[in-house]
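Topology and contacts: notes
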Amino acid sequence: MSVVAIEIVDADLAALYDGLGTEFAAYERVKQLIASQIKGGRWRPGDQIPSENQLVNALGLSRMTINRALRDLTADGVLNRVMGVGTFVAQAKTASPLFEVKNIADEIQQRGHRHRTEVVFVRAEDVEMGHPVLGNALGGKVFHSLIVHFEDDVPIQVEDRYVNPAEAPEYLQQDFTTLTPNTYLSKVAPLERGEHVVEAVLASAEECRLLGIPRSEPCLLIRRRTWSSTGLVSAARLIHPGSRNRLEGSFGSSPI
């Protein structure tokens, strides 16, 4: 990520802010100031903008006013705030297909960006029937992986997946920093059918930490189950920050 924008001189920001007049509330003028820098190309997608403290000092405004402006712009998808790192100009929201099972690495590469993963764990677990993700589809020993997917170093998905060992017996031996679970499972247990359920949720504290988002940010949750010709292959929870992703699909009418 570029940090060019953070080098803007405080005096320049103050002059630009003063030029906006007093017709609107202070936080709205801060939003206009930031938006104008982005629209004018001075702050580009991926650039880190001045911190909350820098904006407070440069503009002579309260922290509450600056925080509200940044919060609103983040909710609008203009900015992307990463806890412990800073605030960045958001990339255009990524679009994920709603009616297809695609490899996230391929989607990111098709957008001209770089994909990488961080593997939190891959392990065997014992689960009981009625499991919150698997339901009554599987019981006993299963494989469980938790992986974070990044697009140009921005976390865009937490993949929480349970896998049927009978369908993918060597799942635990795979290096998921070099291939995705989708790639591997498509090879060893080709998809026959799939099921999607989409929800708007608040992620858990651990998921928010992995995604670098505040607990208050709404997320898109896709519950996905896939089957091969011989049975259930996997059940996954795919969590996306709402400010960084959208779902899209198409449909048409059938002849009567």
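This text goes with the structure placed above it.
Notes on the structure in this doc start here.

Reading the values: the criteria
Residues numbered from 1 in each chain as written. Predicted model: local features only at pLDDT ≥ 70, side-chain atom pairs only at ≥ 80, totals over all residues. Heavy atoms only, no water. Buried < 20%, exposed > 50% of the residue type's maximum accessible area, 1.4 Å probe, protein only. Helix = DSSP H or I, 4+ residues; strand = E, 2+ residues; numbered from the N terminus. Arc of directions from axis to C-beta. Contact = heavy atoms within 4.5 Å. Pairing = 2+ DSSP bridges. Axes fitted to C-alpha atoms, helices over the stretch in contact; angles between N-to-C directions. Core = buried A, V, L, I, M, F, W, Y, C linked by side-chain atoms within 4.5 Å. Phe/Tyr/Trp six-rings, centres within 6.5 Å; stacked < 30°, edge-to-face > 60°. Lys NZ or Arg CZ within 6 Å of the ring centre and 35° of its normal. Lys, Arg positive; Asp, Glu negative; His and termini not counted. Salt bridge = Lys/Arg side-chain N within 4 Å of Asp/Glu carboxyl O.

Let us now look at helix 6 (residues 181-188). What helix 6 keeps buried is the set P181, N182, Y184 and L185. For helix 6, the angular spread of buried residues about the axis comes to 165°, placing them on one side. Contacts made by the buried residues of helix 6 are with strand 5 (140-151), strand 6 (154-163) and strand 9 (231-241).

Strand order in this open sheet of 6 strands is 4-5-6-9-8-7, and the pairing throughout is antiparallel. A strand with exactly one partner marks an edge of an open sheet, and here the two such strands are strand 4 (115-127) and strand 7 (193-202). The average angle at which neighbouring strand axes cross in this sheet is 15°, direction not considered. Across 9 bridges, strand 5 lies against strand 6 in antiparallel orientation. Its bridge partner lying in strand 6, F143 is registered against V163. In the packing of helix 6 onto the sheet, the strands contacted are strand 5, strand 6 and strand 9, and the crossing angle to strand 6 comes to about 35°.

Right, let's talk about the nonpolar core for a bit. Across soluble globular proteins, nonpolar side chains have a tendency to be buried as a group. Counting 19 residues, the largest nonpolar core has L13, V30, I34, I49, L59, I66 and L70 as the members making the most contacts within it. Mapped by element, the contributors of at least two residues to this core are helix 1 (10-18), helix 2 (26-39), helix 3 (52-59) and helix 4 (63-75). If we skip the residues at most four places from it in the chain, I66 touches V30, E52, L55, V56, L59 and L61. Residues F150, L210, L221 and I239 belong to the second largest nonpolar core, which totals 13 residues.

Taken as a whole and assessed by the stated rule, the structure comprises 3 aromatic pairs. On the numbers, 4.9 Å between centres and 45° between planes, the contact of Y171 with F176 is tilted. The residues Y171 and F176 share a single accessibility class, namely buried. When the centroid spacing of 6.2 Å and the interplanar angle of 50° are considered together, the rings of Y171 and Y184 count as tilted. Taken together, the residues Y171 in the loop between strand 6 and helix 6 and Y184 in helix 6 connect sequence positions 13 residues apart. Residue Y184 is classed as buried on the basis of its relative accessible area, which comes to 8%. Note that R68 overlies the ring of Y27, its terminal NZ or CZ placed 3.7 Å from the centroid. R116 extends its terminal NZ or CZ atom over the ring of F150, reaching a point 4.0 Å from the ring centre.

The next thing to look at is the side chain of R224. Topologically, R224 is positioned in strand 8 (residues 218-228). With no salt bridge to any partner, buried R224 finds its closest opposite charge in E107, at an N-O distance of 6.3 Å.

Don't take any of this as a statement about function, it's just geometry.
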